[in-house]
Amino acid sequence: MKSQEIRNTFLEFFTSKQHTVVPSAPMVIKDDPTLMFTNAGMNQFKEYFLGNGIPKSNRLTDTQKCLRVSGKHNDLEEVGMDTYHHTMFEMLGNWSFGDYFKKEAIHWAWELLTEVFGVDKDILYVSVFEGAEEDGLGMDQEAYDLWKAIVPEDRIIMGNKKDNFWEMGDQGPCGPCSEIHVDIRSAEEKAKVSGRDLVNADHPQVVEIWNLVFMQFNRKADGSLEKLPAQHVDTGMGFERLCMVLQGQKSNYDTDVFTPLIREIETITNTTYDKDSDPNETDGKVSVAIRVIADHLRAVSFSIADGQLPSNTGAGYVIRRILRRAIRYGFTFLNTKEPFIYKLVETLSAQMSSAFPELTSQKNLITNVIREEEQSFLRTLDQGLSLLDTVIANTKDQKVSGEKAFELYDTYGFPIDLTALILSEQGYALDEAGFTAELQKQKDRSRAASKVSAGDWNILQANQSEIFVGYDSLTSDVQITRYRKVESQKDGELYQIVFDQTPFYPEGGGQVGDKGYLEAANGDVVYIIDTKKENNLIIHITKNLPNNIETTFKAVVDAKRRARTAANHTATHLLHQALRSILGTHVEQKGSMVHSGNLRFDFSHFAKVTAEELKEVEDFVNARIREGLSLEEQRGISYDQAIKEGAIALFGEKYGDDVRAIRFGESMELCGGTHVQNTSNIWHFKIISEGAVAAGIRRIEAITNDAAKEYFTSQSDAFTEVKKVLKNAKDPVKAISTLQEENTQLKKQIETLLKDKAKNLKSELKLEFQDVDEIKFLAKAVDLDAAGIKDLSFELGGEIEDVVIVLGTEHGGKALLSCYISKTLVEKKELNAGKVVRELGRYIQGGGGGQPFFATAGGKNPEGINEALQHAKQVVFG
């Protein structure tokens, strides 16, 4: 059975059980502060488990794109080394929200596996939660009895809390689970060791295939459990593992989910994949590399399609790390020194786009981004190899310090396993303990900075739904329905408050959250410093609680800030329309950030936007502003109807069945943000900058309204000052051009004079060299700039053999030292210019470095130059 048929059969089975099929949520999560990526099928349904939303059906089913590379669920280092771990994977799931429970979940799972898919019952084992004394929980007797009626008791395994009690996180819904495991070993192996003894023992052919989670409890902040008001079912089956079983393979990578990619990698790299090879042998490392690349390509491609570009922070850093791991494996084990992974996108798109059409629609973007990332990291690897050579040259005890290795890893992105490999090949060892210690320090710093401790919600009004009224009003009489205290290293102690209704817009869709205040009847005020949304709750963040939390308050949004933000948000819609009109309909929004002071808009485009095109874009937007287009808002329109009417939906966004459509003239988009009532409220649109974010992605930053007024005022003031400097010249542009021409001529004259000066100085310095141990040595203060010093040093070094030249100068109030050493001395005497300037740099309160034959140091203490030169001979010769 092909993978596409397996996926469809699963969904059709649960459709026959009255489940509604829902699409996969984006793999990249944008509006959940607790997660970067979807790492389990239940993520998109968290609000339903928490009771903060109502699903369109009590029974749902889907296949969900998941990514596990960081945090609690971290499979990255296992990927490629074994045959069943992945970064990106599909999770087949069926869900019940307060409807059916253990009986149906267990019976349907068994029916689908054994009767529909035809899995041999004799290769299946099931596990049941054995209980946990610390939580006051006994064995899951109900699940045990249900399984006992289906399978022999020797096929039922008691599972501990680690394996058979599923939790959303440190707090929140949780419950016991039953796992279904499959044993696909040969008959000979089964005769030697029973499969039940290998369950949850990391055996590559005795693996968990399906997890049936029974949500019964809520984990509180103090660790205690309370029963949920409704019981839920949350199941997840690994699609790739199911394909392995149904296609009679011993590895996920031997199924048709991966084989097309593996064949393409073999062809491009001229290598051979051996599924039976030992990962510790040379040919086995080739196969590991091929598995890594095939897996990581999927993760990176789906992430980019969902709107997450590689970057140096947050989720973008995770994606860059995954891709760089793939590049590194290709570089080291497949001998690929040129970009090639991007070529695999075509194969992936052809293979999976029927289930995930975003791979086709975003194929060009995915290809371009991966190619640029490959080119960039291969340059980093070359740079790292050069730096590692320098580290090795400066290491005398055959063991490279962990600190140096960590600097290569942290500052330059050079993989530590590649460092260790190269060192071992050259007879050096790596201080692994030192590296691990430095890495742990960094992790501890990062963890401490980002750690957030949240208390339990204090519920004041149970079952109270929250209503957002902020589209129509900036004030509202509200009551607090719940609150909790949160603490973090970054922000200290804060409170999160939820109202029965709120005019405050929560951060989302690129727009910042509202600020404002909460006023009690007696005039007491509590300031709301931010507004966010979490699990379908609009959360108002304050530094303190009101004195009387059970009274009625007046919630007031900062009107001026909201108006500026709304102007910028509407401007992004008009900008999007302008770019598509002027550059072409290939332009798609790839991200935005809407503040009260400015806006940022990322979009797909293959070239730099020219000055003429930017002028056209500006004129287009400002024309729409002058037209005074009124806001046309459709709330609760169906998604399909909105698209039919021409609304633009953004890739990577999760939309419900009913959406909100925003139209200004010919511009129509699906959007939940706040907007002006008329485009004339924007006043004016001004582009501040345009540049590249990644391959095929450009960014425009712009301002409107008050910020635009301030910009033009400051520009006018600056122009007035320029005219004063030019003595009120009638034609300031011509006057500046004349000054530039004169300046260019003067620079040429100065360069000529400096060359003559250096030439004369060189003749004088030749007479001042000292003989020290058969070496010509010179330490001298000169009146030249950095370029002049370098030219002089190399000219002297080219005319005199075996020289060491240390020069110092003061330039622009700063001190500069340089050291030149003939390359023959670097090799014969093991002298190093970098070490010399680093030692002498302390006299000028600075530091520096460079190559062994030439290095410079800069400092803020020019008075120390002479002292440094006096100590130069001692530093060089000891």
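The structure presented is a predicted model; accordingly, all values stated were derived computationally and were not measured.

Chemist: Help me understand the overall build of the protein in this model?
Modeler: Helix and strand content of the protein: 25 helices and 36 strands. Its C-alpha atoms give the protein principal-axis dimensions of roughly 100 × 75 × 55 Å. Here the protein holds 878 residues, and the buried ones make up 51% of them. Restricting to contacts in the protein with at least 6 residues of sequence separation, those with at least 24 account for 68%. Accessible area of the protein: about 41300 Å², with a carbon and sulfur share of 46%. One way to put it: in the protein the 102 positive side-chain charges average out to a point 4 Å from where the 131 negative ones average out.

Chemist: Would you mind going over a negative patch on the surface with me for this structure?
Modeler: A cluster of like negative charges, contributed by Asp274, Asp276, Asp278, Glu281 and Asp283, occupies part of the molecular surface. You can see Asp276 is positioned in the loop between helix H8 (259-269) and helix H9 (282-305).

Chemist: What should I look at first to understand the sheet that holds strand E25 (residues 599-604) in this one?
Modeler: If you trace the four strands from one edge of the open sheet to the other, you get E24-E25-E30-E29, paired in antiparallel fashion. At either margin of the open sheet sits one strand with a lone partner, and together these are strand E24 (589-594) and strand E29 (685-694). Neighbour to neighbour, the strand axes of the sheet diverge by 15 degrees on average, direction disregarded. Of the pairings in the sheet, the one linking E25 to strand E30 (residues 697-704) comprises six bridges and is antiparallel in character. Within the sheet, the bridge partner assigned to Phe603 lies in E30 and is Arg698. Contacts from helix H17 (residues 559-582) reach E24, E25, E29 and E30, with the element oriented near 25 degrees to E25.

Chemist: Sorry if this is basic, but what is going on with the side chain of Thr502 here?
Modeler: Mapped onto the fold, Thr502 is located in strand E19 (residues 501-502). Among the residues examined, Thr502 registers a relative accessible area of 0% and is labelled buried. A polar contact is formed between the side chain of Thr502 and the backbone nitrogen of Phe504, at a distance of 3.0 Å. Of note is the side chain of Thr502, whose polar atom sits 2.7 Å from the side chain of His540. Apart from residues no more than four positions distant in its own chain, Thr502 is found in contact with Glu466, Ile467, Phe468, Val469, Gly470, Ile538 and His540.

Chemist: Is there a simple way to think about the packing of H9 against helix H11 (residues 345-352) in this case?
Modeler: The packing of two helices is summarised by the inter-axis angle and the distance between the axes. The geometry of H9 relative to H11 is characterised by a closest axis approach of 11 Å and an angle of 75 degrees between their N-to-C directions. Viewed along their axes, H9 and H11 adopt a mutual orientation that is roughly perpendicular. Mapping the contact onto sequence places Leu297, Arg298, Ser301 and Phe302 in H9 and Val345, Leu348 and Met352 in H11. Class assignment of the residues belonging to the contact of H9 with H11 gives a composition of five nonpolar, one polar and one charged.

Chemist: How do you make sense of the pattern of salt bridges when you look at a structure like this?
Modeler: Oppositely charged side chains can form a pair if their charged atoms are brought close together. Summed over all chains, the structure comprises 42 salt bridges. Between Lys17 and Glu111 there is a salt bridge, with its nearest N and O atoms 3.3 Å apart. You can see Lys17 sitting in the loop between helix H1 (3-15) and strand E1 (20-21) and its partner Glu111 sitting in helix H3 (residues 102-116), a full 94 residues away along the chain. On the accessibility criterion, Glu111 (23% relative accessible area) is partly exposed. Taking the shortest distance from any N to any O, the salt bridge between Lys363 and Glu346 comes out at 3.2 Å. Residue Lys363 is found in helix H13 (residues 363-393), and its partner Glu346 is found in helix H11; the two are separated by 17 residues along the sequence. Overall, Glu346 belongs to the partly exposed group, its relative accessible area being 47%.

Chemist: It is not clear to me how helix H22 (residues 786-799) should be interpreted in this structure. Could you clarify?
Modeler: Counting along an α-helix, one turn takes 3.6 residues, and residues three or four places apart therefore face a common direction. Taking 1.5 Å per residue, 14 residues should reach 20 Å; H22 reaches 20 Å between its end C-alpha atoms and fits that length. For H22, the complete set of buried residues consists of Gly788, Ile789, Leu792, Ser793, Leu796 and Gly797. Buried residues of H22, seen end-on, are gathered within an arc of 160 degrees and therefore sit on one face of the element. Its buried side turned inward, H22 meets helix H21 (732-765), strand E33 (803-811), strand E34 (814-821) and strand E36 (854-859).

Chemist: Would you mind going over the pairing of strand E5 (residues 88-97) with me for this structure?
Modeler: Two faces make up the sheet, and in a regular strand the side chains alternate between them. Counting buried positions over the ten residues of E5 gives ten, a clear majority of the element. With burial as the criterion, each face of E5 is covered, one bearing Met88, Glu90, Leu92, Asn94 and Ser96 and the other bearing Phe89, Met91, Gly93, Trp95 and Phe97. Direction of pairing for strand E2 (residues 59-67) relative to E5: antiparallel, over a ladder of nine bridges. Each bridged residue has a counterpart across the sheet, and for Leu60 the counterpart in E5 is Trp95. For E5 and strand E11 (residues 225-238), the ladder comprises five bridges, and the chain directions are antiparallel. The partner of Ser96 across the bridge, within E11, is Val233.

Chemist: Is there a simple way to explain the environment of Asn522 in this structure?
Modeler: Among the structural elements, Asn522 can be located in the loop between strand E20 (516-519) and strand E21 (525-534). Note on Asn522: relative accessible area 59%, which makes it exposed. For the pair formed by Asn522 and Pro26, sequence separation is 496 residues and the distance between their alpha carbons is 47 Å.

Chemist: Any chance you could explain the pairing of strand E9 (residues 172-183) here in plain terms?
Modeler: Buried residues dominate E9, accounting for twelve of its twelve residues. Sheet topology places strand E6 (residues 124-129) next to E9; three bridges connect them, and they run antiparallel. Note on E9: the bridge partner recorded for Leu124 is Val182. As paired elements, strand E8 (residues 165-167) and E9 share three bridges and run antiparallel to each other. Residue pairing for E9: Phe165 is matched across the bridge by Pro176. The hairpin turn running from E8 into E9, its antiparallel successor, is four residues long. Pairing of E9 with strand E10 (residues 206-219), which is carried by ten bridges, proceeds in the antiparallel orientation. Looking at E10, one finds that Ser178 is bridged to Leu212.

Chemist: Got a minute to help me understand unusual backbone geometry in this structure?
Modeler: Here Gln18, not a glycine, exhibits a phi torsion of approximately 65 degrees, which is positive. Mapped onto the fold, Gln18 is located in the loop between H1 and E1. Phi at Asp773 is positive, roughly 50 degrees, even though this residue is not glycine. Structurally, the position occupied by Asp773 is in the loop between strand E31 (770-772) and strand E32 (775-781). The exposure class of Asp773 is exposed, given its relative accessible area of 57%.

Chemist: Would you mind showing me how to read the packing of aromatic side chains here?
Modeler: Think of a pair of aromatic rings as described by two things: how far the centres are apart, and how the planes are tilted against each other in angle. Enumeration over the complete set of coordinates arrives at 28 aromatic pairs. With a centroid separation of 5.3 Å and 45 degrees between ring planes, the pair formed by Phe129 and Phe165 is classed as tilted. Of this pair, Phe129 sits in strand E6 while Phe165 sits in strand E8, placing them 36 residues apart in sequence. Judged by relative accessible area, which is 2%, Phe129 ranks as buried. Judged by its relative accessible area of 6%, Phe165 is buried. One aromatic cluster in this structure is built from Phe45, Tyr48, Phe49, Trp95 and Phe97. Over the ring of Tyr125 we find Arg155; its NZ or CZ atom is 4.4 Å from the centre of that ring. Here Lys823 stacks its cationic end above the ring of Phe853, 4.5 Å away from the centre of that ring.

The rules behind these values
- Residues numbered from 1 in each chain as written.
- Predicted model: local features only at pLDDT ≥ 70, side-chain atom pairs only at ≥ 80, totals over all residues.
- Heavy atoms only, no water.
- Helix = DSSP H or I, 4+ residues; strand = E, 2+ residues; numbered from the N terminus.
- Buried < 20%, exposed > 50% of the residue type's maximum accessible area, 1.4 Å probe, protein only.
- Contact = heavy atoms within 4.5 Å.
- Areas by Shrake-Rupley, 256 points an atom, 1.4 Å probe, with all protein chains shown as cover.
- Lys, Arg positive; Asp, Glu negative; His and termini not counted.
- Charge placed at Lys NZ, Arg CZ, Asp CG, Glu CD.
- Patch = residues over 30% accessible without salt bridge, like charges linked within 9 Å, V, L, I, M, F, W, Y side chains within 5 Å.
- Salt bridge = Lys/Arg side-chain N within 4 Å of Asp/Glu carboxyl O.
- Pairing = 2+ DSSP bridges.
- Axes fitted to C-alpha atoms, helices over the stretch in contact; angles between N-to-C directions.
- Polar contact = N/O pair within 3.5 Å; in protein donor to acceptor, adjacent residues only side chain to side chain.
- Parallel < 35°, antiparallel > 145°, perpendicular 65-115°, else oblique.
- Nonpolar A, V, L, I, M, F, W, Y, C, P; charged D, E, K, R; others polar.
- Expected span 1.5 Å × (residues − 1).
- Arc of directions from axis to C-beta.
- Phe/Tyr/Trp six-rings, centres within 6.5 Å; stacked < 30°, edge-to-face > 60°.
- Lys NZ or Arg CZ within 6 Å of the ring centre and 35° of its normal.

Any link to function would need more than the numbers given here.
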